[in-house]
Amino acid sequence: MDAATLTYDTLRFEYEDFPETKEPVWILGRTYSVFTEKEEILLDVTSRLWFTYRKNFPAIGGTGPTSDTGWGCMLRCGQMIFAQALICRHLGRDWRWEKGKRQTDNYFNILNAFIDKKDSYYSIHQIAQMGVGEGKSIGQWYGPNTVAQVLKKLATFDTWSSLAVHIAMDNTVVMEEINSTCQYPHWYGASWEVSWSGKFGIAWKLFCGPRQLKKGRLCKSNFLCAGAAAFPAAESDLLYNGFPDGAEVTDRLSQWKPLVLLIPLRLGLTDINEAYIETLKHCFMMPQSLGVIGGKPNSAHYFIGYVGEELIYLDPHTTQPAMEPSDNGCIPDESFHCQHPPCRMSIAELDPSIAVGFFCNTEEDFNNWCQQIKKLSLLRGALPMFELVEHQPSHFSSPDVLNLTPDSSDADRLERFFDSEDEDFEILSL
């Protein structure tokens, strides 16, 4: 059987395939013992959304590829790390998926946002087409930074999740930038009404006032808003303050937008610098961890934890048929959950080009994360992977500093300056 077309059923192994070790197993901020918590480890891994190559989906752009086999692995890893953020946002880190168990509407809302069709928020179609603006043609390899930049753009259309996505460049996390990004504007809480009249059919009216949650009509369900229609609605349904009618909006009273923090890094020239390994491990130990996207040359993976000197990851290199949601928005979801023991690889084999992800649901979560990072910088024998600062350093790189103009050649130079995927995620021997 062709390895590229294996399905998750053909990849099943005995659970004992997981190593018997006294070392703790860390999965996205949770620790387990192999000897006493094997079932819990597997359930945690299985509960992560697993996005793999798919085939026979609608052509990207109408005339493009109908499968991402061979080129979409980093895009799928980007989907997985972002899906974990949505799970934390809407279901919580302790949520678990069980085969045959009825799931909530929020779960299917999340899953539908990644289905392989053009009008899903984070579909392979949206990522591939948005990547054109990042200088990547459809079907071309992505690196960790490019997929992070694309996901940040797509998230602006996802008003249901209302995420603040921050990408920390230059190996530097600037706290004031994040606080600014995550704070709602002063007019937040006002309601908007759309009246459908006139030639263009749209007129806006703002109900001002602090925290007024009047039902301002944002759109009709038969008119596609900017972004994707991942959440089917009845003809009469309206969106109130960016949420489906009847959805919980109480958390919108908070001044803080849930934060997805993505940090593209280069941890070595051709191989990972061993001095970073302990720091990388500690990232998986933080409760805010979303994992890491990266991999080996020409092979991207979604890393969700580690045990001993091995990384634990979900592998997208399995081609499965595309799935279509039913009329009620539900889809057969077993193929979106990895039901065999997770893959492992030596940390030393990791390509140095990665992106680390964290999710901070509240301002308190972010402050706690900052304290952990500061403590981590004092860890003996561990080299910090990035710098945490209060304010933007004077040397912080920007297009103005680099004297770049927006022509194509300078755009390429800017990407090479910021991104570590110059060789299309391929390491060349020197």
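Criteria and cut-off values
Residues numbered from 1 in each chain as written. Predicted model: local features only at pLDDT ≥ 70, side-chain atom pairs only at ≥ 80, totals over all residues. Heavy atoms only, no water. Helix = DSSP H or I, 4+ residues; strand = E, 2+ residues; numbered from the N terminus. Buried < 20%, exposed > 50% of the residue type's maximum accessible area, 1.4 Å probe, protein only. Contact = heavy atoms within 4.5 Å. Core = buried A, V, L, I, M, F, W, Y, C linked by side-chain atoms within 4.5 Å. Axes fitted to C-alpha atoms, helices over the stretch in contact; angles between N-to-C directions. Parallel < 35°, antiparallel > 145°, perpendicular 65-115°, else oblique. Nonpolar A, V, L, I, M, F, W, Y, C, P; charged D, E, K, R; others polar. Salt bridge = Lys/Arg side-chain N within 4 Å of Asp/Glu carboxyl O. pLDDT = per-residue confidence, 0-100.

**Considering the overall build of the protein chain**
Part 1: The secondary structure content of the protein chain amounts to 9 helices and 18 strands.
Part 2: Sorting the 430 residues of the protein chain into buried and exposed places 50% on the buried side.
Part 3: Here the contacts in the protein chain between residues at least 6 apart in sequence split such that 71% fall between residues at least 24 apart.

**A few points about the nonpolar core**
Part 1: Membership of the largest hydrophobic core comes to 69 residues, with the highest contact counts inside it found for V25, L49, F82, F114, Y122, V260 and Y302.
Part 2: Counting residues in each nonpolar core, the second largest holds 40 residues, with V173, I263, Y306 and F386 among its members.

**As for helix α1 (residues 38–47)**
Part 1: Counted residue by residue, α1 has 7 buried out of 10 residues, so it is predominantly covered.
Part 2: If you check which residues of α1 are buried, you get K38, I41, L42, D44, V45, T46 and S47.
Part 3: Turning to α1, the residues buried within the fold contact β1 (25–27), β2 (30–32), α2 (73–90), β13 (299–307) and β14 (310–314).

**Some thoughts on the packing of helix α6 (residues 175–182) against helix α8 (residues 363–376)**
Part 1: Orientation of α6 relative to α8, taken along the N-to-C sense of each, is 170°, at an axis distance of 12 Å. The angle between the axes of α6 and α8 places the two elements in the roughly antiparallel class. Between α6 and α8, the residues in contact are M175, I178 and N179 and E363, F366 and C370, respectively.
Part 2: Its residues assigned to classes, the contact of α6 with α8 comprises 4 nonpolar, 1 polar and 1 charged.

**Here's the deal with the pattern of salt bridges**
Part 1: Counted according to the given criterion, the structure contains 12 salt bridges.
Part 2: Between D116 and R76 there is a salt bridge, and its shortest N-O distance comes to 3.0 Å. With a gap of 40 residues between them, D116 in the loop between α3 (105–112) and α4 (124–130) and R76 in helix α2 connect regions that are remote in the sequence. Assigned by exposure class, D116 and R76 land together as buried.
Part 3: The partner of E278 in a salt bridge is K281, with the nearest N and O atoms 3.4 Å apart. Here E278 pairs with K281, and both are found in helix α7 (residues 277–285), just 3 residues apart, close to one helical turn.
Part 4: Taking the relative accessible area as the measure of exposure, E278 reaches 33% and is therefore partly exposed.
Part 5: Several salt bridges converge on common partners, so that one network encompasses D44, R48, R93 and R96.

**Section: the confidence of the model for the protein chain**
Part 1: For the protein chain, per-residue confidence averages 79 on the pLDDT scale, and 71% of positions sit at 70 or higher.
Part 2: Confidence drops under a pLDDT of 50 for residues 1–16, and excluding neighbours within four residues, the segment shows 32 contacts in the predicted structure.
Part 3: Counting interchain partners and residues more than four positions distant, the pLDDT-below-50 stretch residues 399–430 has 59 contacts.

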